[in-house]
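# Examination of the molecular architecture
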Amino acid sequence: MKDALHALLAEAFAALELDAPAQARIENTRDKAHGDLAANHALVAAKTAGMPPRALAEKLLAALPASPLVAKVEIAGPGFLNFFLQADARQEVLAQIYAQGAAFGSGAASGKRVLVEFVSANPTGPLHVGHGRGAAYGDCLVRLLRAAGDTVDAEYYVNDAGRQIDILATSVWLRYLEAGGSKQPFPRKAYQGAYIGASAARLREAVGDVLERDLGAHLENQPPAADDDETGDAHLDALIAAAKALLGAADYRRVLEHILAEQLGDIREDLEAFRVHFEHWASEREVVDAGLVQAALDTLRDNGQTYEQEGALWFASSRFGDDKDRVLLRANGAATYFANDIAYHQQKLARGYDRLIDVWGADHHGYVPRMKAAVEALTGQADRLDVQLVQFVSLLRDGEKVSMSTRAGTYETLADLRREVGEDASRFFYVMRSNDQTLEFDLALATRESADNPVYYLQYAHARICSVLRTAGERYEAADAQPESGLDERERLDAPSETALLNLLARYPETVQAAARQLGPQIIVHYLRDVAEGFHRWYNAEPFLVDEVALRRARLCLAGAVATVLRNGLDLLGVSAPERM
RNA sequence: GCGCCCGUAGCUCAGUUGGAUAGAGCAGCCGCCUUCUAAGCGGCCGGUCGCAGGUUCGAAUCCUGCCGGGCGCGCCA
């Protein structure tokens, strides 16, 4: 529709021998007194045309060719051209909706391959409510970009290398020893959660006591257990070293694989239950073992972006806008986490993706410039990586903030949230707000007053339509109760509430495109709220199951179309569209 | 100190990348169920868009400087 009007205006500009302004736009009007669509061409082009906006608007109006789509055009305000559409042009959307069904709103294939990496939480414990936001947001991006026509994969990057994983394995082993009678105090800086002990018990069940070792002798002259960070870390490192030495590589690996498999299994189940599916689970350890870190460093060096200083290898990230250069290889020869991450991103690019999207917690925002610098240094293109930050979620329980600490095991898990609030409401709440807005999640409100949840407003509209269609099916012949069969009567839909709804439905495809372009699922949320509101208004204004057959069929047709759009939109959010409530 | 994000109604937040009289929800007040689901609808109340300049036909939106809040600034991961 907008394209058609753009074409009309282009003709008018050509007739006036003026250049059509490229930045001019046709917008949906907010006030119906301004027609259905408004063009700001005269305002934008006034300066280059050398005449006042309103004068230009008059000339454009005179030069505008007639169109079967347009009922009338008015000049308003400072020089807007307001278009009033022909009723049948407005009703045309119904035919599209019934022809395309679940695909209505989806764009043509773009041929673009996109990889969205999200959650990627360390497998050192259950997912908490902060991860949940990243999961819901990232998954919506996948759904949105697919709807927009891209070929999209979802990926979870497992940080299964490095010190945190050693701490995890050692924590499990210490609990295992405890169960065997060891009196070694459990270190404060190890993982405290009850799931560690439970996992250790299962380990013992599986392997018996073959992992028993005597720690005592190994800890003499080692840093003592302590509360302060420095000594506590040293103590823990000593325990990790002891575990590796006493168990040997093979048995240590056994403990590590045991807890890792359990953790990842739990995380995957948790996410699947949350309707978040990953095509790929990438492993940091595999990236390292495949020699990709060295390969990435070679690429950077070949591109002339590294140098050595004080025994370390540096990446000159400041050339690409980072605050300062970053270490890749430490003086002791070990690669930094950043070096591994560069290798991982190079691998993602090598797999043939045109665009990478990373979803990170907002606390990692300082990491963005260096990662973008790395991608630019590797490929020469800065825009192949897009990092989206998800701001914090603070949880209110009984009006009090819940403190969150992974180590202390005193956090609210995603699984708890799902149980309390449900998948639909929690997913909806997570993406209802822009991702760069902090989110206050009040559990008491979300659970006790669940009827006030905005998600129910949308779902209720859908259930209401289904109820009407059910009733119609009971009362009338099948031919009269089928929504689609009313297409031929669509010219009867001319009540104000129907006109407003038809205009809204026509905007759905462009809304999907806008949400995908802006990576903003909340745009879908607000659009759907408008659709639901439009429906509820209509429902209260006009009866559907009227005696006059043609009118009834027309209205059922519109109702069915609204249900389709609601269903399609809710599906983009991963929220169900119930048929009864 | 430097950097990123945020500041819009009593509260929680939108605002289609510069458009017309700044919008929702919740809370508060007043109405609407013998008829298709009242988890709904209509109405009222509520604003110096943090502050001050600037850019232009036009600014909540862009630029500069302040003020306030959050987060981050390791040869940690």
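This text follows the structure it describes.
Just so we're clear, the structure is a prediction, and the values are computed from it rather than from any experiment.

On to the overall build of chain A. Looking only at helices and strands, one finds 21 helices and 15 strands in chain A. For the C-alpha atoms alone, the extent of chain A along its principal axes is close to 95 × 60 × 40 Å. Counting over 581 residues, chain A shows a buried share of 51%. A sequence separation of at least 24 residues applies to 74% of the contacts in chain A between residues at least 6 apart. Separation of charge centres in chain A, based on 61 positive and 84 negative side chains, amounts to 2 Å.

To continue, consider the protein's contact with RNA strand B. Lining the immediate surroundings of RNA strand B are 60 residues, of which Arg25, His365, Tyr460, Arg464 and Arg537 lie closest. For RNA strand B, the fraction of atoms within 4 Å of the protein that belong to sugar or phosphate moieties is 66%. Contact between RNA strand B and serine 434: a phosphate oxygen at 2.9 Å from a main-chain N or O atom of the residue. The separation between a sugar or linking oxygen of RNA strand B and a polar side-chain atom of asparagine 540 is 2.9 Å. Mapped onto the surface near RNA strand B, the elements with two or more residues apiece are α2 (41-49), β4 (80-85), β9 (312-315), α16 (454-475) and α20 (522-541). The element that contributes the greatest number of residues to the surface near RNA strand B is α16, accounting for 10 residues.

As a further point, take the packing of aromatic side chains. On inspection of all chains with the given rule, the structure shows 19 aromatic pairs. With 3.8 Å between their ring centres and 5 degrees between their planes, tyrosine 157 and tyrosine 344 make a pair best called stacked. One end of the pair, tyrosine 157, is in strand β6 (residues 151-158); the other, tyrosine 344, is in helix α11 (residues 337-350), with 187 residues separating them in the sequence. As far as burial versus exposure is concerned, tyrosine 157 and tyrosine 344 are alike and both buried. With a centroid separation of 4.3 Å and an interplanar angle of 40 degrees, the aromatic rings of tryptophan 538 and phenylalanine 544 are classed as tilted. Take tryptophan 538 and phenylalanine 544: they sit in the same class, and that class is buried. Through successive ring pairs, a cluster of aromatic residues spans Phe315, Phe320, Tyr337, Phe338, Trp360 and Tyr367. Positioned above the aromatic ring of tyrosine 176 is the side chain of arginine 204, whose terminal nitrogen or guanidinium carbon lies 4.1 Å from the ring centre. Over the ring of phenylalanine 338 we find arginine 370, and its NZ or CZ is 6.0 Å from the ring centre.

As a further point, take the pattern of salt bridges. Inspection of the entire model under this criterion finds 39 salt bridges. With its nearest N and O atoms 2.8 Å apart, the salt bridge here joins aspartate 416 to arginine 419. Linking aspartate 416 with arginine 419, this pair stays in helix α13 (residues 414-421), spanning 3 residues, or about one helical turn. Assessed through its relative accessible area of 62%, arginine 419 is described here as exposed.

Right, let's get into unusual backbone geometry. Within the chain, glutamate 17 stands out as a residue other than glycine whose phi angle is a positive 60 degrees. Classification of glutamate 17 as exposed rests on a relative accessible area of 72%. Even without being a glycine, serine 120 presents a positive backbone phi close to 45 degrees. A relative accessible area of 13% places serine 120 in the buried class.

If you want to describe how two helices pack, look at the angle between their axes and the distance between the axes. Close contact between helix α18 (residues 496-506) and α20 brings their axes to 9 Å; oriented N to C, the two are set at 160 degrees. As judged from the angle between their axes, α18 and α20 are roughly antiparallel. Here α18 runs over α20; the crossing is left-handed. Between α18 and α20, the contacting residues are Ser497, Glu498, Leu501, Leu504 and Leu505 on the first element and Tyr527, Asp530, Val531, Gly534, Phe535, Trp538 and Ala541 on the second.

Moving on, we come to the nonpolar core. Soluble globular proteins tend to pack their nonpolar side chains together in the buried interior. In terms of nonpolar packing, the biggest core is built from 123 residues, with Tyr430 and Leu505 touching the most fellow members. Here this core takes 14 residues from helix α8 (residues 229-273), the largest share from any one element. Beyond its immediate sequence surroundings of up to four residues, leucine 505 is in contact with Val93, Leu94, Ile97, Phe104, Tyr527, Val531, Leu558, Ala561, Val562 and Val565. Within the second largest apolar cluster, 30 residues are counted, among which are Val287, Phe338, Met371 and Leu385.

Before going further, it helps to examine the sheet that holds strand β2 (residues 37-39). To summarise the sheet geometry, strands pair through backbone hydrogen bonds and adopt either a parallel or an antiparallel arrangement. One open sheet accounts for 4 strands, arranged β1-β2-β4-β3; its pairing is antiparallel. In the strand order of this sheet, the two ends are held by β1 (26-28) and β3 (70-76), each with one partner. Neighbouring strand axes in the sheet, compared pairwise and without regard to direction, differ in orientation by 25 degrees on average. Note: β1 against β2, 3 bridges, orientation antiparallel. Bridging across to β2, glutamate 27 finds its partner in alanine 38.

Bridge count for strand β11 (residues 355-361) against strand β12 (residues 385-390) is 6 bridges, and the pairing is parallel. Counterpart to tryptophan 360 in the pairing with β12 is leucine 389. In this fold, the crossover linking β11 to β12 by way of helix α12 (residues 368-379) has right-handed handedness.

What follows deals with the side chain of threonine 336. Positionally, threonine 336 belongs in the loop between β10 (326-329) and α11. Its relative accessible area of 10% is what places threonine 336 among the buried residues. Excluding residues that lie within four positions of it along the chain, threonine 336 makes contacts with Val327, Leu328 and Arg330.

Spatial strand order, β8-β9-β10: 3 strands in an open sheet with antiparallel pairing. Strands at the two margins of the open sheet, each flanked by one partner only, are β8 (306-309) and β10. This sheet shows a mean twist of 45 degrees between the axes of neighbouring strands, independent of strand direction. As judged from the 3 bridges shared by β9 and β10, these two strands associate in the antiparallel manner. In the sheet register, phenylalanine 315 faces β10, and the bridge partner there is arginine 326. Against the sheet, helix α10 (residues 292-302) engages β8, β9 and β10, with an angle of about 125 degrees to β10. The strands that α11 touches are β9 and β10; relative to β10, the one it contacts most, it runs at about 80 degrees.

The rules behind the values
Residues numbered from 1 in each chain as written. Chains lettered and ligands numbered in written order. Predicted model: local features only at pLDDT ≥ 70, side-chain atom pairs only at ≥ 80, totals over all residues. Heavy atoms only, no water. Helix = DSSP H or I, 4+ residues; strand = E, 2+ residues; numbered from the N terminus. Buried < 20%, exposed > 50% of the residue type's maximum accessible area, 1.4 Å probe, protein only. Contact = heavy atoms within 4.5 Å. Lys, Arg positive; Asp, Glu negative; His and termini not counted. Charge placed at Lys NZ, Arg CZ, Asp CG, Glu CD. Near = heavy atom within 4 Å. Polar contact = N/O pair within 3.5 Å; in protein donor to acceptor, adjacent residues only side chain to side chain. Phe/Tyr/Trp six-rings, centres within 6.5 Å; stacked < 30°, edge-to-face > 60°. Lys NZ or Arg CZ within 6 Å of the ring centre and 35° of its normal. Salt bridge = Lys/Arg side-chain N within 4 Å of Asp/Glu carboxyl O. Axes fitted to C-alpha atoms, helices over the stretch in contact; angles between N-to-C directions. Parallel < 35°, antiparallel > 145°, perpendicular 65-115°, else oblique. Left-handed = near helix turned anticlockwise from the far one by under 90°. Core = buried A, V, L, I, M, F, W, Y, C linked by side-chain atoms within 4.5 Å. Pairing = 2+ DSSP bridges. Right-handed = clockwise from strand over helix to strand, strands pointing away.

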